[in-house]
Amino acid sequence: MTASTTTPAGSLTAPRRRRADDVAGLGTARAGIFVAPALTLIGLFLLFPAVWTIWLGMTDYRLTGLQAASPEFVGLDNYVEALTDPSFWNSLWLTLVFVVASGIVGQTLIGFALAWSVRNIHGWVKALIEGLVLAAWVIPASVASFLWLVLMDRRSGTLNGLLGTDGYAWLIEHPMEAIILFNIWVGTAFSMQLFSSALSAVPPSQIESAKMVGASGWQQLRDVIIPNIKGHILTNTLLITLWTFNTFTPYLVTAGGPNGKTEILSVYIYETAIPGGQLGLGAAISLIMLLINLVIALAYIRVSRGRKKG
Amino acid sequence: MAGINATRLVKEYPGGVRGVDEVDVEINDGEFFALLGPSGCGKTTLLRSIAGLEAISSGQLVIGDRDVTDAEPGARGVAMVFQDYALFPHMDVADNIAYPLRIKRVKRDDRRATAEKVADGLSLQGLIERRPGQLSGGQQQRVALARAVATRPDVLLLDEPLSNLDARLRLEARTFLKELQRDLGVTTVFVTHDQAEALALADRIAVMKAGKLQQIGSPREVFQRPNNTFVAGFIGSNPMNLVPATVSAGAIAIGDAVSTTLPPGTEDHVREGQSVVWGVRPEYLRWTTADEPGAIAAEVSVVENLGASVLIAVHVDGHKLQVVVPEDHEPAPGDRGYLVPTGSKTLLFDAESTERIG
Ligand SMILES: Nc1ncnc2c1ncn2[C@@H]1O[C@H](COP(=O)(O)OP(=O)(O)OP(=O)(O)O)[C@@H](O)[C@H]1O
Ligand SMILES: [Mg+2]
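Residues numbered from 1 in each chain as written. Chains lettered and ligands numbered in written order. Predicted model: local features only at pLDDT ≥ 70, side-chain atom pairs only at ≥ 80, totals over all residues. Heavy atoms only, no water.

(A) The arrangement of a nonpolar patch on the surface in detail. A cluster of nonpolar side chains, contributed by Phe34, Val35, Leu39, Leu41, Ile42, Leu44, Phe45 and Leu46 of chain A, occupies part of the molecular surface with about 870 Å² of accessible area. Within the fold, Leu44 of chain A resides in helix H3 (residues 28–57). (Patch = residues over 30% accessible without salt bridge, like charges linked within 9 Å, V, L, I, M, F, W, Y side chains within 5 Å. Areas by Shrake-Rupley, 256 points an atom, 1.4 Å probe, with all protein chains shown as cover. Salt bridge = Lys/Arg side-chain N within 4 Å of Asp/Glu carboxyl O. Helix = DSSP H or I, 4+ residues; strand = E, 2+ residues; numbered from the N terminus.)

Printed below as a string of structure tokens:
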């Protein structure tokens, strides 16, 4: 809504607009006092750490040693170091694989498939499936990762017991697959719930209209359902991408190993900053990660804007 | 083109509710057929059973010469317009109309040509590139109709097609629908709870109540010779007066003091002392101030203006009746006078079975 469409006569525009801007009639100064506490909190807990990270990223701050006491400003050295280090690029590549496989493909597709298949089921079967999927989501990450360690353990692991492959080290032979499956297992509930509510909002008469002209299940999906839930798909993809990109939980399953094979970016930063002690470098990589997040979010906003216009 | 033949059709919902209960109906090829009844009587359920959107619990459904009891919705040669029109919001009007053709793998150019032709026929010229959200309710309804008829179905099903339109537009759309149906000659079943709409549009009407058919007949039949008191009360813009009475000495006794003659043709079907319901439409009662033979004494209680006529409510020995009086002759509340029924238009129902007598 713009002011011009709500204002009947042009002469009324000016006073109306002022009133619309200052609904409470407080004036700028007093309004400022009211929002000050909130701004302070935001500044203290959100802005300050962010700025602090930017600063840290430009120093040689370390966890221990001389530079821990008196870090020196090193400009963009950390960024140069990170961007020229093959292990950084390797980690970024692993992250990409991880995000695409476990987030975008795994959670989104499986979440949608689950939502789709339970939508016509009612009663306890539906409650059971939803309950199980949700449980995986609400179980604390530490417990969930322990469950997976037990599942995949080399000796007396559940999986080996089931398959009769005693002694097979899943986490060493297939570490990436393991954390991808783990993350799908943990996170699918969100997509499923989101798509469930999206599907229930698709007008049944539209689906039935398609049925009446003989559209197959796939055609109903393509022509009615997906166009109707496009917005939900976009939102889900954005959130899942960001979460999967930033998640640290796989560390609890493989600890980035073996031999860096599952060292996704969040784990890489941790390894650099804490056991590695290079806090400055870690902060710099964190900032790079933040920028990548921003790019993803901006791309999403562009796409969704274009969708609304078109 | 095809007729529809339903035999002992039952649709039972989980939980035991019978939306449609043992319905036998035969709809002729090319007929404009109305399903009429109060809310919850099973009109939509019957329509959706014909469409194949509800699985039939028992009974048989034949469309044309094919048993379609278990056929898929898309394989029945049936098209449907939903009450909310169910247009696809992400497709423009042309794509909406052409959607059935797309599913039938008609080539793009042919689809477009057909869509434009159908749209022209339904006065949708110039709107073909709009999205449904940019159309008025009446235009959306015509797009929905266009989509339904684009594939030349054998049977067209309409669920309360006019209920989302405002009163004036509804009258326009009504005429429009009737013309379209006549031009296409397509067998059409439409659901409505508006008896005036059914009387105006349909070749034949099926009146339903609680899942069961009450009467099937032409508008004139259901209006003039309703099968039972339910149909009598449901049809007509002013409901029929239904007065409890008893048969006494070859006449109808209403209360102790009032009596009127038996409707023609009922004499041989009643017995002395039988409890009956005397039915007379407000239009078939004449109000006079002078007593005449067969007149019933009454007192006016309420006067409602209907425009060209006036609807008055009167008391007759404790019973309330409605009478339509031409304008300029209306009495005032409290006036006393007489009601003269048009003898040939009165009806008699059995009080117990509610069925019409004679
Ligand atoms: N999915 C369902 N499950 C159980 N009962 C249902 C279902 N759909 C309808 N019913 C019941 O079946 C009966 C008939 O419903 P239906 O929708 O056919 O009525 P209707 O005549 O179309 O009414 P309206 O004029 O209000 O649309 C009602 O008693 C209704 O409660
Ligand atoms: Mg209905």
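Once you've had a look at it, read on.
(B) Quick look at the packing of aromatic side chains. By the definition in use, this model includes 17 aromatic pairs over all chains. Between Trp55 of chain A and Phe73 of chain A the ring centres are 5.9 Å apart and the planes differ by 15 degrees, which places this aromatic pair in the stacked class. Placement of Trp55 of chain A in helix H3 and of Phe73 of chain A in the loop between helix H4 (66–69) and helix H5 (77–84) is noted, with a sequence separation of 18 residues between them. Given the relative accessible area of 53%, Phe73 of chain A is considered exposed. Grouped by ring-pair contacts, the aromatic residues Phe88, Trp89 and Tyr268 of chain A constitute a single cluster. In this structure, Arg119 of chain A packs its charged tip against the face of Trp116 of chain A, placed 3.6 Å from the ring centre. Between Arg142 of chain B and the ring centre of Phe176 of chain B, over which it is positioned, the NZ or CZ distance is 5.9 Å. (Phe/Tyr/Trp six-rings, centres within 6.5 Å; stacked < 30°, edge-to-face > 60°. Buried < 20%, exposed > 50% of the residue type's maximum accessible area, 1.4 Å probe, protein only. Lys NZ or Arg CZ within 6 Å of the ring centre and 35° of its normal.)

(C) The layout of surface pockets, seen in detail. Its volume calculated, the largest pocket comes out at about 560 Å³. Along the wall of the largest pocket there are 20 residues; nearest its centre are Arg119, Asn120, Pro204, Ile207 and Lys211 of chain A. Those elements giving two or more residues to the lining of the largest pocket turn out to be helix H6 (86–118), helix H7 (124–138), helix H11 (175–200), helix H12 (204–212) and helix H13 (217–228) of chain A. Taken as a whole, the second largest pocket encloses approximately 300 Å³ of empty space. For the lining of the second largest pocket, the elements supplying multiple residues, two or more each, are helix H3 (108–121) and helix H5 (167–184) of chain B. (1 Å grid on protein atoms, 1.4 Å probe; cavity = no way out; pocket = protein on both sides within 12 Å on 5 of 7 lines; lining within 4 Å. Points joined across faces, edges and corners; volume = space filled by probe spheres on them.)

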